[in-house]
Structure formats: C-alpha cells, structure tokens
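Architecture at a glance
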Amino acid sequence: LNLIFFSVVAIFHFWYDYSLLLICFYVGLLGGSVYVHGYTRINHDLPPHMREFALSTTSVADNLGIVLADVSGLFIQSCLYMANGLDGTLVTCPLTR
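Residues numbered from 1 in each chain as written. Predicted model: local features only at pLDDT ≥ 70, side-chain atom pairs only at ≥ 80, totals over all residues. Heavy atoms only, no water.

Chain-level statistics for the protein chain give a pLDDT mean of 92 and a share of 99% at 70 or above. Considering each helix and strand of the protein chain separately, the mean pLDDT is smallest for helix α1 (residues 2-12), with a value of 90, and largest for helix α3 (residues 48-83), with 94. (pLDDT = per-residue confidence, 0-100. Helix = DSSP H or I, 4+ residues; strand = E, 2+ residues; numbered from the N terminus.)

Here the focus is unusual backbone geometry. Positive phi, close to 55°, is recorded for His13, a residue that is not glycine. With respect to the helices and strands, the residue His13 is situated in the loop between α1 and α2 (20-45).

Looking at the secondary structure, you find Ser78 in helix α3. At 2.7 Å, the side chain of Ser78 forms a polar contact with the backbone oxygen of Phe75. Those residues in contact with Ser78, other than ones at most four positions away along the chain, are Thr89, Val91, Thr92 and Cys93. (Polar contact = N/O pair within 3.5 Å; in protein donor to acceptor, adjacent residues only side chain to side chain. Contact = heavy atoms within 4.5 Å.)

Considering all chains together, one arrives at one salt bridge under this definition. Between Asp45 and Arg41 there is a salt bridge; the shortest N-O distance is 2.7 Å. With Asp45 and Arg41 both in helix α2, this residue pair falls four residues apart, about one helical turn. Overall, Arg41 belongs to the exposed group, its relative accessible area being 56%. (Salt bridge = Lys/Arg side-chain N within 4 Å of Asp/Glu carboxyl O. Buried < 20%, exposed > 50% of the residue type's maximum accessible area, 1.4 Å probe, protein only.)

Further remarks concern the packing of α2 against α3. Relative to each other, α2 and α3 sit at 160°, their axes nearing to 9 Å. Between α2 and α3, the interaxial angle falls into the category roughly antiparallel. Judged by the sense of rotation from one axis to the other, the crossing of α2 with α3 is right-handed. Contact residues: α2 offers Tyr35, Tyr39, Ile42 and Asn43, while α3 offers Arg51, Ala54, Leu55, Thr58, Ser59 and Asp62. Taken together, the residues of the contact of α2 with α3 break down into five nonpolar, three polar and two charged. (Axes fitted to C-alpha atoms, helices over the stretch in contact; angles between N-to-C directions. Parallel < 35°, antiparallel > 145°, perpendicular 65-115°, else oblique. Left-handed = near helix turned anticlockwise from the far one by under 90°. Nonpolar A, V, L, I, M, F, W, Y, C, P; charged D, E, K, R; others polar.)

What follows is about the packing of aromatic side chains. In total, this model carries four aromatic pairs according to the counting rule given. Plain terms: the ring middles of Phe5 and Phe6 are 5.1 Å apart, the flat faces sit at 70° to each other, and that makes the pair edge-to-face. An angle of 65° between the planes, with centres 5.0 Å apart, marks the rings of Tyr35 and Tyr39 as edge-to-face. Taken together, the residues Tyr35 and Tyr39, both in helix α2 and four residues apart, mark about one turn of the helix. Given the relative accessible area of 18%, Tyr39 is considered buried. (Phe/Tyr/Trp six-rings, centres within 6.5 Å; stacked < 30°, edge-to-face > 60°.)

Structure representation (structure tokens):
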C-alpha cells in the first residue's frame, strides 16, 4: 500500500511539499516496530533450545529481504524515471517491453 501511494505521488506530483515527510516518518516507525516486535516475539515465545536458531534464521531472512528490496528498487526507480522523462538509470524498466 505504501509503495503504491509513494509511486503515485512520484508520478503525478499531487503532493509535493515537506508535509510528505511526516508520512515517510510514520512509515519508518511502522517498519521499525515490525522489526523490533518480530525479534521480541521470537525471544519470548520460543523455548531456549530453539531461540538461537530462530533468531539466526530471522536475521538471514531479514538481510535477504533487504537485498530483494534493493534489487526491486532499481527497477522501480527506472520506471519512475521513465514516467518523469529522466535518463540515467542503471537498469531498464521492465514495463517498456
């Protein structure tokens, strides 16, 4: 939902002032809250003999999610550049084919 909202704002420029930073801050708080509460739940809900493996697996999954977000961000950025008539992306937007 957030990705769609911010992509539409980037394409159509209907909300283009500093008040948009408040929504960005709120989205960051939501993401951080999910991160912290996920590790807290693992720490409190699992028995001690499974806790270390679960925390390690969650850390690996978290880092893989970051890599996937970075790679998909490259393609999303190229599509947003194309929509705004800008050049200079590293990859080509997959929607142009």
